[in-house]
Structure formats: structure tokens, C-alpha cells
Amino acid sequence: MMPTRNLRLMLASAAFIGLSGPAFALDGADLVTKLNAAYALNGATVAYEKVAVDGTTVTLTGVSVKSTAAPGKDFKIGDVTLEGVEETDGGGYYAETVTLPDVDVKEDETAITAKDISIGGLSIPGNPAGGTVNDIVLYESATTGPVTVTAKGKPVFSMDESEANLTKQESDAGFDFDATFSGIKADLSGVEDPKSKDAIEKLGLKNLAGEMTMKGSWEVATGNVSLEEYAFDFANVGRLAIAFDVSGYTLGFMKSVQEAMKAAETNPNKEEANQAMGLSMMGLIQQLTFNSASIRFDDATITKRVLDYIGSQQGTTGDQLAQSLKGMVPLMMAQLNVPELQNQVSSAVNTYLDAPKSLTIAAEPANPVPFPMIIGAAMGAPNTVPGVLGVKVTAND
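Attention here is on the structure that accompanies the text. (Residues numbered from 1 in each chain as written. Predicted model: local features only at pLDDT ≥ 70, side-chain atom pairs only at ≥ 80, totals over all residues. Heavy atoms only, no water.)

### Some remarks on the side chain of S226
If you trace the backbone, S226 turns up in strand β15 (residues 225–234). There is a polar contact of 3.4 Å between the side chain of S226 and the side chain of D245. Among residues more than four places away in sequence, those in contact with S226 are K215, G216, S217, F244 and D245. (Helix = DSSP H or I, 4+ residues; strand = E, 2+ residues; numbered from the N terminus. Polar contact = N/O pair within 3.5 Å; in protein donor to acceptor, adjacent residues only side chain to side chain. Contact = heavy atoms within 4.5 Å.)

Structure follows, in C-alpha cells:
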């Protein structure tokens, strides 16, 4: 028989656990309140019909998103399930996984579907007014399955899957990010304009297939945004890759931009709102510094087809058109009164047209350049801008 003292201890423990359970239970409503507080400056609000908590699982029923950019037009999402939810230091929340319902939206003659949508490692801050990387909504991964777009019942776009990842840097200095959108297909055969349809057919662009990739990083203290690559790669067309590096894009800068956008969206006088927005942006851009940028195109046979097509429209051949362009480019560049750049562009164009492989335009100043200096050069002496930015043009490198 169990000793009386032990029995009393067990009963007391059971009573304590039973009484303290509700006190330590997750507050689903508070989670959404914190999420909305973080998104407030974006003008977005998450609404729901009911919230249910079961252990570490929070289920939101009838979720919709409202936006000041589209008043009176809510985007209905459905039921959202957050699993592995826990409170974090500072009153925030962390969810191991967030599962969203499939999307099936129809408007007029266009239909969009998306399946298998999920977010991993969602962090919701307790204090969105703070100044650290932990004071903004972040995720560790976000994925989707197949996405389709149809117009008038005919498929015009599809994507097999997408994946985005975000990794915090050491000491929460910022984060690195990357994304891949694979299995992209576009069907342009349904274009109705006769001239555009003819161009699409002769350029071999009726059916496009490829992928999009992105990679970069952001630092909190300096506001350095480094987009190492933002690329579009399509078979039998080519690969277009964009990169840039700027500083000054801090949390304070972002919040100021969001406040300006929210003020413009809520102002009923759109002309006045646009003017105020323009002035705000001109003031904010003064805080940015240009470090570098580049745009590169790697050809996959599209250049020859374009030359042949344009040449046929002008009653000549693609090769003859290429030779004409070689003579025209120096004349056009001479009007800019930048001899060094003129020589670079002319040489690059000649090399590229002779054997299309790659064409790169890069801007790499010796030292970071404040945006006000760029604006001043553009307004006072436009021909000095390429020198200020350290512009270089090369081909087939």
C-alpha cells in the first residue's frame, strides 16, 4: 500500500499541474496580434474567424488578409496551421512549421492555383519597434509545389516548385538568403495581336522553359544589401543575371519607407499622396550608398534569331544588320561625350556581334559613392556619371 505522505505529494503535484496548465497555454489570439503589429507598417492585417490551441499546435480558421493598398478587397486564405509553436524571449513566438491551404483563385477569365505551400521556422517578434534582426518577421524556409496560371481555360504559365531559405548570420548581424523557382514554363502561343504573334513564332518563343534563382545577404548595422545574383535562365534564349550592392538600407530606413507608403495609401487625394511620396523618397534616398552593380547576359542562340528577324523586317539579313550596328554604335555613343566609355561599348558590341556569347555591364567605383553624389552628377554633368560609378562594358569574358 502506498504511504500516505507519498500519496499526498502526488495529489498535490497533480493539482498544481492541472491549475497551472491554462496559465502556460499558448495564446493563439496574442500570436496573431503580434504578427499584425509587425506587419502594421506594411498596411497588412491578418484576420481570422476562430483560433484553436492544442498543445503546441495553433489552428486559425477562416484566415484572410486585408491591405490598405486594396481597401474593401480581402484576400481569403482559409485555414492555417502552425505546429511546434513556442513563446520566445521578449514575448514573441516561434513556429516550426506553418501549413497553408492550396490556392485556387479565379477572376474574370484568369485562374491561379498553387499547392503544397509551407513555411518553416517562422519567427514573430514581441517588439517590432526594436532595432535588431530579431524584431522583424523572419522565416527559415518557404516552399511551394506546383503553380499554374490559365487564361480562358488555356495554360499560360506553370512552375514545378519554389524554395526560399533564410539563415541568420553569426551574432545576429543580419541574414543570408537564397531562392530557386524551378520548372518554369510559359506558353505564348495564345497571344492574339498579329504582329506580336508573328514575332513570337519567328523568334521561337512560343514555349519557354527555365528557372529563376536569387542569392544575397543583408546586414543590420550598415544596412548593406548585397544581391549577389538575381538570374533568369531560359533554354534556347539565354541567362540574364543582375547583381547590386548598396548600403544604408537599415531597419530605420525600411520603416520610414513603409510609413511613407502607408501614408500615401491612406490619403484619399491621390495626386497629393503621390507628390508627398515622391518628396519622401527623394529625402530617404539620400541615406543610401552605392557600392557596385552589374548586369550580364549569356546568349543561348536568341541573339542570332533577333538579328535575323529584325533584318527580315528591314529587307536585309541578320549578318548585314550586325555590320550596320557596328557602325551605328560609335556614332550614338559619341553623343554622350564619354570617350573612354564609347571605346569600351564599341569594342564590346563588335566582339559580341561577331560571336554572341556574353555581354556584361558593370559598375564598380573605387570607393562607395553616396546616392546624393550620383544624383548631383546626373543633374550637373551627366557625362561624368559613368566615371563616378566606374562603369565597364565587356563581351565574351
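There's plenty left to go through after this.
### Topic: a negative patch on the surface
Together, D160, E161, E163, D176, D178 and E228 line one region of the surface with negative charge. Contributing elements (two or more residues each) for the negative patch: β12 (161–168) and β13 (174–187). Note on placement: E228 falls in strand β15. (Patch = residues over 30% accessible without salt bridge, like charges linked within 9 Å, V, L, I, M, F, W, Y side chains within 5 Å. Areas by Shrake-Rupley, 256 points an atom, 1.4 Å probe, with all protein chains shown as cover. Salt bridge = Lys/Arg side-chain N within 4 Å of Asp/Glu carboxyl O. Lys, Arg positive; Asp, Glu negative; His and termini not counted. Charge placed at Lys NZ, Arg CZ, Asp CG, Glu CD.)

### Structural notes on the pattern of salt bridges
What the rule picks out here adds up to twelve salt bridges. With its nearest N and O atoms 3.1 Å apart, the salt bridge here joins K152 to E192. Linking K152 in the loop between β10 (147–151) and β11 (154–159) with E192 in the loop between β13 and α3 (194–202), this pair joins segments that are 40 residues apart in sequence. Each member of the pair, K152 together with E192, is exposed. Here D397 ties to R296 by a salt bridge, and the two come within 3.0 Å at their closest N and O atoms. On the criterion of sequence distance, the pair formed by D397 in the segment after β20 (391–395) and R296 in strand β17 (residues 289–299) is long-range, its members being 101 residues apart. (Buried < 20%, exposed > 50% of the residue type's maximum accessible area, 1.4 Å probe, protein only.)

### Examining the packing of helix α6 (residues 302–313) against helix α7 (residues 318–334)
Contact geometry for α6 and α7: axes closest at 7 Å, N-to-C directions at 95°. Judged on the interaxial angle alone, α7 and α6 are roughly perpendicular. The residues of α7 that touch α6, namely those facing L307, D308, I310 and G311, are G318, L321, A322 and L325. Residues belonging to the contact of α6 with α7 are distributed by class as follows: five nonpolar, two polar and one charged. (Axes fitted to C-alpha atoms, helices over the stretch in contact; angles between N-to-C directions. Parallel < 35°, antiparallel > 145°, perpendicular 65-115°, else oblique. Nonpolar A, V, L, I, M, F, W, Y, C, P; charged D, E, K, R; others polar.)

### Regarding helix α9 (residues 371–380)
Buried within α9 are the following residues: F371, I374 and A377. Seen along its axis, α9 keeps its buried residues to an arc of 125°; they face one direction. Exposed side chains of α9 directed beyond 90 degrees from the buried face belong to M379 and G380. (Arc of directions from axis to C-beta.)

### Quick notes on the pairing of strand β7 (residues 110–114)
The pairing of strand β6 (residues 103–107) with β7 spans five bridges and is antiparallel. Directly across from E107, in β7, lies its bridge partner T110. When β7 meets β10, the two strands line up antiparallel, connected through five bridges. Bridge pairing in β10 places T113 opposite T148. (Pairing = 2+ DSSP bridges.)

### Re the side chain of D299
Within the element layout of this structure, D299 appears in strand β17. With no salt bridge to any partner, buried D299 finds its closest opposite charge in R305, at an N-O distance of 7.2 Å. Separated by 3.3 Å, the side chain of D299 and the backbone nitrogen of I302 make a polar contact. Residues contacting D299, with those up to four places away along its chain left out, are V237, G238, Y352, P356 and K357.

### Quick look at the packing of aromatic side chains
Inspection of every chain in the model, using the stated rule, returns four aromatic pairs. By the ring-pair criterion, three or more aromatic residues cluster together here, those being F175, F177 and W218. (Phe/Tyr/Trp six-rings, centres within 6.5 Å; stacked < 30°, edge-to-face > 60°.)

### Section: helix α5 (residues 270–284)
Here α5 is 15 residues long and its end C-alpha atoms lie 21 Å apart, about the 21 Å a rise of 1.5 Å per residue gives. Where α5 begins, the capping side chain belongs to N269, and its oxygen is found 3.3 Å from the backbone nitrogen of E271. (Expected span 1.5 Å × (residues − 1).)

### Digging into unusual backbone geometry
Phi is positive for T301, close to 85°, though the residue is something other than glycine. For T301, the location among the structural elements is in the loop between β17 and α6. At N396, a position not held by glycine, the phi torsion is positive, near 55°. Mapped onto the elements of the fold, N396 is located in the segment after β20. Residue classification places N396 among the partly exposed residues on the basis of a relative accessible area of 24%.

### Digging into the nonpolar core
Counting residues in hydrophobic clusters, the biggest one holds 39 residues, and the most contacted among them are F175, W218, L341, V345 and L389. Counting residues per element, the ones that place at least two in this core are β13, β15, α4 (251–266), α7, α8 (339–354), α9, α10 (385–389) and β20. A per-element tally of this core places α8 first, with six residues. Look past the residues within four positions of V345 in its chain and what remains in contact with it is V329, M333 and V393. (Core = buried A, V, L, I, M, F, W, Y, C linked by side-chain atoms within 4.5 Å.)

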